[in-house]
Each structure stands twice: as C-alpha cells, then as structure tokens.
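Survey of secondary and tertiary structure
Each chain, written out:
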Amino acid sequence: AAAAAAASPKGGARRQGFVLKVHNGLDTRNAALLEAQNAVLLFLHQHYGQYQVRASVPVPTSTDGHYLHSVLLHPPGSPQTTTAAATTTTADAAEEATEAAKAAEKTAADSEDAPASLHTLRLLEYMEDKLMCDFPYTPQLLASLGDYVGRMDRALLTGFDHPGAHRAHLWDMQQLPLLRRFVCHVQEQWKKDLVNKVLDLYEQQVHPIKSQLRFAVVHNDCNEHNILVSGDGARVTGVLDFGDMVHSMLVSNVAITLAYALQGVEAMTASAGYLLQTYTTHVPLRTQERDLLHTLVMGRLAQSVIMGFYSYSKNPDNTYLLVSQSGGWRVLQALMAMSPCEIAEFNAQAKVESD
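Residues numbered from 1 in each chain as written. Predicted model: local features only at pLDDT ≥ 70, side-chain atom pairs only at ≥ 80, totals over all residues. Heavy atoms only, no water.

**Quick notes on the nonpolar core**
- Formed by 85 residues in total, the largest nonpolar core has its most connected members in Leu-44, Met-245, Leu-262, Leu-296 and Val-297.
- Sort the elements by how many residues they give to this core and helix α10 (residues 293-314) lands first, with 10 residues.
- Excluding residues that lie within four positions of it along the chain, Leu-44 makes contacts with Val-53, Ala-55, Ala-155, Leu-156 and Phe-242. (Core = buried A, V, L, I, M, F, W, Y, C linked by side-chain atoms within 4.5 Å. Buried < 20%, exposed > 50% of the residue type's maximum accessible area, 1.4 Å probe, protein only. Helix = DSSP H or I, 4+ residues; strand = E, 2+ residues; numbered from the N terminus. Contact = heavy atoms within 4.5 Å.)

Set out below in structure tokens:
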C-alpha cells in the first residue's frame, strides 16, 4: 500500500509509504517466526541510536496494537479475488490495512465457488534506496557491507533473542549435513563431487566443535537483493527480509554475507579482507570461528546450489534457477582450489579477539 512520505521518529531516515506483505500458507502456520521477524525489526528500530541499523518498521494492523492479521484469500485470477489499493497517510495506515484485510476476508468467506486459504498480512514501512545487486562491488562498498552487518550482528548478539528464531530450518548452516539427500538432484558428476566434498569438510571441521561456538539470532540471508545501498553505490544503508532468520552459529552470518559478496568480484582474498576487517571491528571472531570461515563460505555456496537444483527438479520450466547459479559455482571452485596456505591467508583477513 503506497502512501505519502513519512519521517521515522528514530534515526531520521526518510521512508516512502508502506509494504503490505502477504505470507504464504507455510509461513502463516508459523506465527512464532512472523512474530520474531516483527520483534527483530522493532528491536533494531528502537536501538537505532546505538547501532545505526535501519529497519523496516512494522505497523500495527489493528487498533489494539497487533502486528499480524489473518485473512482468507482466493487464488489469483478467481472471480472472487479482491485487491485493495490503499492511499494512506502514516496516521491511518493501520486502519486502512485492517479495512483492506477485512474486505478481502469477507469476499472470500461469502464465496463458495473457489477455494480459499489462510494468509497472514504484515504491514511494514517502506525504505527507499537502491539494491546492492545494481552496483559494482567496490572495496568501499564491501567495507561498508562488513561494517553494517557487523553492527547488526553486534546488536543481536548483545541484546536480542526470540523463541520463534529457535527452529529447524534447512537454510540454517547447522543443517548442512541434511542436504546430502538432495545432492542426487544436482546435474553433472563433477558438481556432485564438489558439493559432497564441501559437506565432508563441514562434518570434519565444523560439526565436532559446533557446541563450542557462539550462537545468536542471525539474519541468515544477507545477499545482494536484501542489502540497500546509497544512490552512488558507495555505502550500505539498510537490510531487508528477515524471513530466513534463525538462532544459529554467529560466525555463519558473516560467512553467508561473504558467500554472496564474492560472487561479484575476482580477487577473492583481497575482497574478503575489505569486508572482514570492518565486520570484525564490531564482532571480533574467536580463533575457532576464524579458522572455519573458508569452509563455512563454501558451505553456504553448496547449500545454495544444491537447493537450486532441488527446486529446479520440482519446477523444470524455471531454467533461471540454474542460470542464476553460475556465480556460485565459480566462487565454489575457486575456494576449493586454494592451497592450505591460501586458505590460512583467506581466514586471516578477520580479526580475532586477541588481536
């Protein structure tokens, strides 16, 4: 729902309008996760002055202050489908969202001709900026990304937790060994061999010491489509979409961020250094965490390509699922080809607590 520009009371960042998120049936059945997503956004907004992390602030969708609203919706294209375009101001955003949801729910309930399913609605303030994917990954931008994710991780490590983030999630790096059952969907034997080797390394290096690592609620998906940047592409200004948030290994979040960032560069170790040096200014790693970086970056890349092939097996008409993997395979091959000395140099880009 689009609305007039509104200034946030905290942080001064100017936000244009609103985003009405309609969650699918799977998300709707996990209300605790949706509550956790709202809670983390509100936490970051409330602590903006301390950590300077912009959040897309949830807006109550009812006068009693609730942030989640359930509605029955018909499939797109059915005669009973109702869409409501809202032109609201900040003051009446919650009332408008509530009325639109009630109208859609009534239309669905009154109809017997098409099946309806339950969906949860969330209203968020819209953050206006550019996406990282639209800019070259310069040293300045990578350093800004590390700084931003470091501030976010420091905030969540220090003061945030929520029961909804403690969940079983295939995109949690802890669950990497479970992906072996999906490797059969990977096409070409060399690719199967490569991802199996990554899974072996995880089980040999990470799994035995996992209980000794620091855990926190992490964003878990800081890819180039979830990172907002300034108009000149020089500075990270926000982070979007906490839908994959999970309570997991703290170091996994910077490894995931690296896995996506390295797909836009050629010099792997130098580029990792720009990001890690600023990240670890806010979150110095422990020695064990630092020594796992190379393996965990490969772990997220393997996770991404394996799940991409699995999704393609379910929807073979969507060839984009495979085309979009080219950067991941390139980086995965380059990292796997590193010598032990090169791996040590890659990991050493991160500061540790004793430095």
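There is more to say, and it comes next.
**Some details on the confidence of the model for the chain**
- Mean pLDDT for the chain: 85, with 82% of residues reaching 70 or above.
- Within the model, the stretch residues 1-15 combines pLDDT values under 50 with 38 contacts to residues more than four positions away or in other chains.
- For residues 100-114, every residue scores under 50 in pLDDT, and the model assigns this stretch 26 contacts once sequence neighbours within four places are set aside. (pLDDT = per-residue confidence, 0-100.)

**Quick word on the environment of Ala-255**
- By the secondary structure assignment, Ala-255 is in helix α7 (residues 250-261).
- Residue class for Ala-255 comes out buried when judged on its relative accessible area of 0%.
- For Ala-255 and Leu-276, which are 21 residues apart along the polypeptide, the C-alpha to C-alpha distance reads 9.5 Å.
- Here Ala-255 is in contact with Leu-293, Leu-296 and Val-297, once residues within four sequence places are set aside.

**A word on the pattern of salt bridges**
- For the structure shown, the criterion picks out 10 salt bridges.
- Between Arg-54 and Asp-129 there is a salt bridge; the shortest N-O distance is 3.0 Å. Here Arg-54 is found in the loop between α3 (48-51) and β4 (58-59), whereas its partner Asp-129 is found in the loop between β7 (117-127) and β8 (130-131), with 75 residues between them in sequence.
- Among the salt bridges present, the one from Glu-353 reaches Arg-286, with a minimum N-O distance of 3.7 Å. (Salt bridge = Lys/Arg side-chain N within 4 Å of Asp/Glu carboxyl O.)

**A closer look at the packing of aromatic side chains**
- As enumerated under the stated definition, the model contains four aromatic pairs in all.
- Among the aromatic residues, ring-to-ring pairing joins Trp-190, Phe-309 and Trp-329 into one connected group. (Phe/Tyr/Trp six-rings, centres within 6.5 Å; stacked < 30°, edge-to-face > 60°.)

**Observations regarding the layout of surface pockets**
- Considering only enclosed or pocket space, the largest pocket measures out at about 760 Å³ in volume.
- Together, 27 residues line the largest pocket, and Trp-171, Asn-223, Tyr-260, Ser-304 and Ser-324 are the ones closest to its centre.
- Among the secondary structure elements, those contributing two or more residues to the lining of the largest pocket are α10, α11 (320-323) and α12 (326-336).
- With six residues, the top contributor of residues to the lining of the largest pocket is α10. (1 Å grid on protein atoms, 1.4 Å probe; cavity = no way out; pocket = protein on both sides within 12 Å on 5 of 7 lines; lining within 4 Å. Points joined across faces, edges and corners; volume = space filled by probe spheres on them.)

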